[in-house]
Amino acid sequence: MSSPATGAATLAPRRSSRFVAWVRAWRAGLVPFDEVADAVAGDEEHLVADAPGTWTDVSLREALPSLARHSPDDIRLVLPAPGDPRGLPGPGAFAGAALVAGEAVVASGMGLVPEVRTHTSGSGMTWETVLWRVHPLPADAPKASLATPGAAEAEAELAAVLAETTATLTRLDVAQWRPELAGALAALRRPDGATDLPPGFDPRARRLFARAAVLDRVLALAGESAPGGAVNTYEAQQRDAALRPLTTACRQALVAACNAPLRL
């Protein structure tokens, strides 16, 4: 039977990472336009607000042509966090929204931030939609690539930090109060040939994305409270301190993989 961490690892990666990877591949001529919206949205409903030339929320498919003039290198993933705004074009509405969401897409002249909205029907059923809000950006906004490592550097950093974090969590006896987290981290040290990137990305970027996307979900699980209150405040602080460098390395690995140069 799979653990909760294994289940979390099968969830979709960050929405902005899928958006950037598939839109870049489309703009490079490597995937057809008709596949992009479905690949980004999956089983969710995605809408776009404030897209150029629109007056109301439109479907993702209707909004994508506004990116048709952008080259693949114009479209970048950013995964900012408090105290680590790398890739953002400076203070403003877009930067604030991106920091709250923890993810965003930067394109020439615009930034897109996903917002998850929960709806409730009259019968009490609930469902979610994803709204990409478009923010205008200054023409001279810096590219995310100027502030993030390449795929090779990010892969080496992630491997080193993962090994160190796993050893630290072992010393903390994390397996006693969070066995699924310890098991998932150990499993991540083994090579994984899976990939969730479209055509055009080289093997290193695919390998890096596969590992970082799974690890991203495991870290999301680690941020939740241990079941049954099995961890006290001091243990939680130790856990968080151990995981913080890994969380940063994971974010930068996703950025490096999705922003990697494409093979045309």
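Residues numbered from 1 in each chain as written. Predicted model: local features only at pLDDT ≥ 70, side-chain atom pairs only at ≥ 80, totals over all residues. Heavy atoms only, no water.

As for the environment of alanine 21
- By the secondary structure assignment, alanine 21 is in helix H2 (residues 15-27).
- Given the relative accessible area of 1%, alanine 21 is considered buried.
- Placed 241 residues apart in sequence, alanine 21 and leucine 262 show a C-alpha to C-alpha distance of 9.8 Å.
- Ignoring any residue separated from it by four or fewer positions in sequence, one finds alanine 21 in contact with Leu197, Pro198 and Phe201. (Helix = DSSP H or I, 4+ residues; strand = E, 2+ residues; numbered from the N terminus. Buried < 20%, exposed > 50% of the residue type's maximum accessible area, 1.4 Å probe, protein only. Contact = heavy atoms within 4.5 Å.)

Here's the deal with the pairing of strand E5 (residues 110-120)
- Pairing geometry for strand E4 (residues 104-107) and E5, over 3 bridges, is antiparallel. By the bridge assignment for E5, valine 106 is matched with glycine 111.
- Counting the residues in the hairpin turn of E4 and E5 gives 2 residues, including glycine 109, whose phi is positive at 85°.
- Pairing analysis gives 11 bridges linking E5 to strand E6 (residues 126-136), with the strands arranged antiparallel. What sits directly across from threonine 120, in E6, is threonine 126. (Pairing = 2+ DSSP bridges.)

Quick look at the pairing of E4
- Where burial is concerned, the two faces of E4 agree: the one with Ala104 and Val106 and the one with Val105 and Ala107 are both buried.
- As defined by bridge partners, strand E3 (residues 76-78) adjoins E4 across 3 bridges and the pair is classed as antiparallel. By the bridge assignment, arginine 76 is partnered in E4 with valine 106.

Describing the sheet that holds E4
- An order of E2-E1-E6-E5-E4-E3 is seen for the 6 strands of this open sheet, with the pairing classed as mixed. Looking at strand neighbours, the two that pair on one side only are strand E2 (58-59) and E3, the edges of this open sheet.
- Of the strands in this sheet, E4, E5 and E6 are in contact with helix H5 (residues 93-101), which crosses E5 at around 50°. (Axes fitted to C-alpha atoms, helices over the stretch in contact; angles between N-to-C directions.)

Points about the packing of aromatic side chains
- Summed over all chains, the structure comprises 2 aromatic pairs.
- Centroid distance phenylalanine 19 to tryptophan 132: 4.7 Å. Interplanar angle 45°. Geometry classified as tilted. Here phenylalanine 19 is found in helix H2, whereas its partner tryptophan 132 is found in strand E6, with 113 residues between them in sequence.
- Here arginine 27 stacks its cationic end above the ring of tryptophan 26, 4.8 Å away from the centre of that ring. (Phe/Tyr/Trp six-rings, centres within 6.5 Å; stacked < 30°, edge-to-face > 60°. Lys NZ or Arg CZ within 6 Å of the ring centre and 35° of its normal.)

Remarks on the pattern of salt bridges
- Counted under the stated rule, the structure contains 12 salt bridges.
- The salt bridge partner of aspartate 34 is arginine 61, with a shortest N-O separation of 3.9 Å. Taken together, the residues aspartate 34 in helix H3 (residues 33-41) and arginine 61 in helix H4 (residues 60-63) connect sequence positions 27 residues apart.
- Taking the relative accessible area as the measure of exposure, aspartate 34 reaches 54% and is therefore exposed.
- Judged by its relative accessible area of 32%, arginine 61 is partly exposed. (Salt bridge = Lys/Arg side-chain N within 4 Å of Asp/Glu carboxyl O.)

Digging into H5
- What H5 keeps buried is the set Phe94, Ala95 and Ala98. Projection of H5 onto a plane perpendicular to its axis shows the buried side chains occupying an angular sector of 95°, all on one side. H5 presents Ala93 and Val100 as exposed residues on the side facing more than 90 degrees away from its buried surface.
- Elements in contact with the buried residues of H5: E4, E5 and E6. (Arc of directions from axis to C-beta.)

None of the figures reported here should be taken as evidence of function without further support.
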